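This is what each chain is made of:
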Amino acid sequence: MIKKNKLILDSLKNGLIASCQPVPDGPMDKSSIILAIAQASVLGGAIGLRIENHKNIKLVKKNLNVPVIGIIKRKLKNYPIVITPYLSDVKAIAKAGADIIAFDATNRNRPESVKNIINEIKKFSKISMADCASINDVNNALKSGVDIIGTTLSGYTKNKIPKYPDLKLLRQSINLNIPVIAEGRFNTPLLAKKAINLGAHSVVVGTALNRVELITKNFIKKINE
């Protein structure tokens, strides 16, 4: 890994990465609001950001000097893959200035292989992050030369989403001696701290911080129980 990328990863050690992705097509899904959420997250102590869409990435990188995990989400007709499915997406994210490029690394029908996506990321001298759902996904990504692992998609490739994060996958991945970013339902300070204590390189928190509609719904649901 080149020195610049190693320094970026070192700067994220034991910290919180805020995922600034509002509900798609919701009232907060505007570039100016996403930038404001990102700025507020950094003021609160976030040491990195996860941002969707190359235009939003470019705007955030222009205004904030913190590492950014960049993704592009797509709803594809013939594939279940949503996160950064195409080589052209990798190029757009890289050109927008993201430091880390995350992609769906699950073992499902896909337009581009995991290895091809990783190789494309390396062409731009960016850090590759495999968003995984299982230890098999993790092992395949490692064989393909990925730089870091995310537990991002555990529980999201099945019909019913679990309530709690997948600590088993987190432990299994950490044991493989690669930087692992804990992501996926680490939605309380205690769970985020637990991830770090288990050895996660850093932890991503999104919905619990920034999706106001869903945060509000959780309160209403609890009140009406």
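It should be emphasised that the depicted structure is a prediction, and the values quoted were computed from it without experimental measurement.

A.B. asks: Tell me what's going on with the environment of Ile-100, and back it up with residues and numbers.
C.D. replies: With respect to the element layout, Ile-100 can be found in strand S4 (residues 100-104). Owing to a relative accessible area of 0%, Ile-100 belongs among the buried residues under this scheme. Separated by 91 residues in the primary sequence, Ile-100 and Leu-9 place their C-alpha atoms 9.2 Å from one another. Dropping the residues within four chain positions of it, Ile-100 is found in contact with Leu-12, Val-68, Ile-69, Gly-70, Ile-127, Met-129 and Ile-148.

A.B. asks: Account for helix H6 (residues 135-143), with residues named and values stated.
C.D. replies: What sets the pattern is the α-helix's 3.6 residues per turn: residues three or four places apart point alike. Considered for burial, the residues of H6 that qualify are Asp-137, Val-138 and Ala-141. Seen from one end, H6 has its buried residues packed into an arc of 100 degrees, which puts them on one side. Exposed residues on H6 whose side chains face more than 90 degrees from its buried face are Asn-136 and Lys-143.

A.B. asks: Which residues make up the pairing of strand S8 (residues 202-205), and what values go with them?
C.D. replies: Neither face of S8 is open: one carries Ser-202 and Val-204, the other Val-203 and Val-205, and all of them are buried. As paired elements, strand S1 (residues 15-19) and S8 share 4 bridges and run parallel to each other. Its bridge partner lying in S8, Gly-15 is registered against Ser-202. Strand direction decides the pairing type here: strand S7 (residues 180-183) and S8, joined by 3 bridges, are parallel. The residue of S8 that forms the bridge with Ala-182 is Val-203.

Quick notes on the rules
- Residues numbered from 1 in each chain as written.
- Predicted model: local features only at pLDDT ≥ 70, side-chain atom pairs only at ≥ 80, totals over all residues.
- Heavy atoms only, no water.
- Helix = DSSP H or I, 4+ residues; strand = E, 2+ residues; numbered from the N terminus.
- Buried < 20%, exposed > 50% of the residue type's maximum accessible area, 1.4 Å probe, protein only.
- Contact = heavy atoms within 4.5 Å.
- Arc of directions from axis to C-beta.
- Pairing = 2+ DSSP bridges.

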